[in-house]
Amino acid sequence: MTASSSPADPAAGLLPATRRALTYRIAVGQAAGRTPSLVGAVVRDGRQVWCGARSMLEGHEPDGDTQYRIGSLTKTFVAVLAMRLRDEGRLDLADPLGEYLDAGAAADATIAQLLSHTAGLASETPGPWWERSPGALRPGLADILCPPRHPAGRLFH
């Protein structure tokens, strides 16, 4: 298990008992969830001030730069962020995607259609990236957006 903090690090401002409690939570979360590895962090004022990690494999602990592919759960995060941007007046759900991205043939699909899976796009991109691949192959924006399989607003897919 690893936890980063040094006297020059802002994490030095965390109480030792807090660091121990966080490290314990990481260990319990990883073991109880039977996950291969787990990383947790504390962020203050937009900066990471503590990071802890645990792995089932000795010597293979992740760190604060480890990226996990989270698959379908991503949709929830994207939807929440889109709604926050809407609440801030920075976008409208009726806005076409082409207003924000070079979306090719999907440019006329609205943000609402994307969020409700009615933009006409395929549910999966081509390639084996989504099922137990080593992660070297990742779909690009063109793979995700083009070409739509159905007219936007007609079908749920």
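Residues numbered from 1 in each chain as written. Predicted model: local features only at pLDDT ≥ 70, side-chain atom pairs only at ≥ 80, totals over all residues. Heavy atoms only, no water.

### Quick look at the environment of Asp95
Topologically, Asp95 is positioned in the loop between helix H2 (74-87) and helix H3 (111-115). In this structure the C-alpha to C-alpha distance between Asp95 and Ala112, which are 17 residues apart in sequence, comes to 8.1 Å. Here the side chain of Asp95 touches Tyr100 through a polar contact of 2.6 Å, side chain to side chain. (Helix = DSSP H or I, 4+ residues; strand = E, 2+ residues; numbered from the N terminus. Polar contact = N/O pair within 3.5 Å; in protein donor to acceptor, adjacent residues only side chain to side chain.)

### A closer look at the pairing of strand E2 (residues 37-44)
Bridge count between E2 and strand E3 (residues 47-55): eight bridges; the pairing is antiparallel. Among the inter-strand pairings, Arg44 is bridged to a residue of E3, identified as Arg47. Between E2 and E3, which pair antiparallel in sequence order, lie two residues; one of them, Asp45, sits at a positive phi of approximately 50°. (Pairing = 2+ DSSP bridges.)

### A few points about the confidence of the model for the protein chain
Confidence in the prediction for the protein chain averages 81 pLDDT; 80% of positions are at 70 or higher. Low pLDDT (under 50) marks residues 1-8, which in the prediction has 22 contacts with non-local residues, meaning those over four places away or in another chain. (pLDDT = per-residue confidence, 0-100. Contact = heavy atoms within 4.5 Å.)

### Considering the pattern of salt bridges
Side chains bearing opposite charge may pair, as long as their charged atoms lie close to each other. If you walk through the whole model with that rule in mind, you get two salt bridges. Asp87 is the partner of Arg86 in a salt bridge, and the nearest nitrogen-oxygen pair spans 2.7 Å. Here Glu88 makes a salt bridge to Arg90, at a shortest N to O gap of 3.5 Å. Of the residues examined, Glu88 reaches a relative accessible area of 48% and is grouped as partly exposed. According to the relative accessible area criterion, Arg90 is exposed, its value standing at 59%. (Salt bridge = Lys/Arg side-chain N within 4 Å of Asp/Glu carboxyl O. Buried < 20%, exposed > 50% of the residue type's maximum accessible area, 1.4 Å probe, protein only.)

### Some words on the environment of Asp87
When you line up the elements, Asp87 lands in helix H2. On the accessibility criterion, Asp87 (58% relative accessible area) is exposed. Side chain to side chain, Asp87 and Arg86 meet in a polar contact 2.7 Å long.

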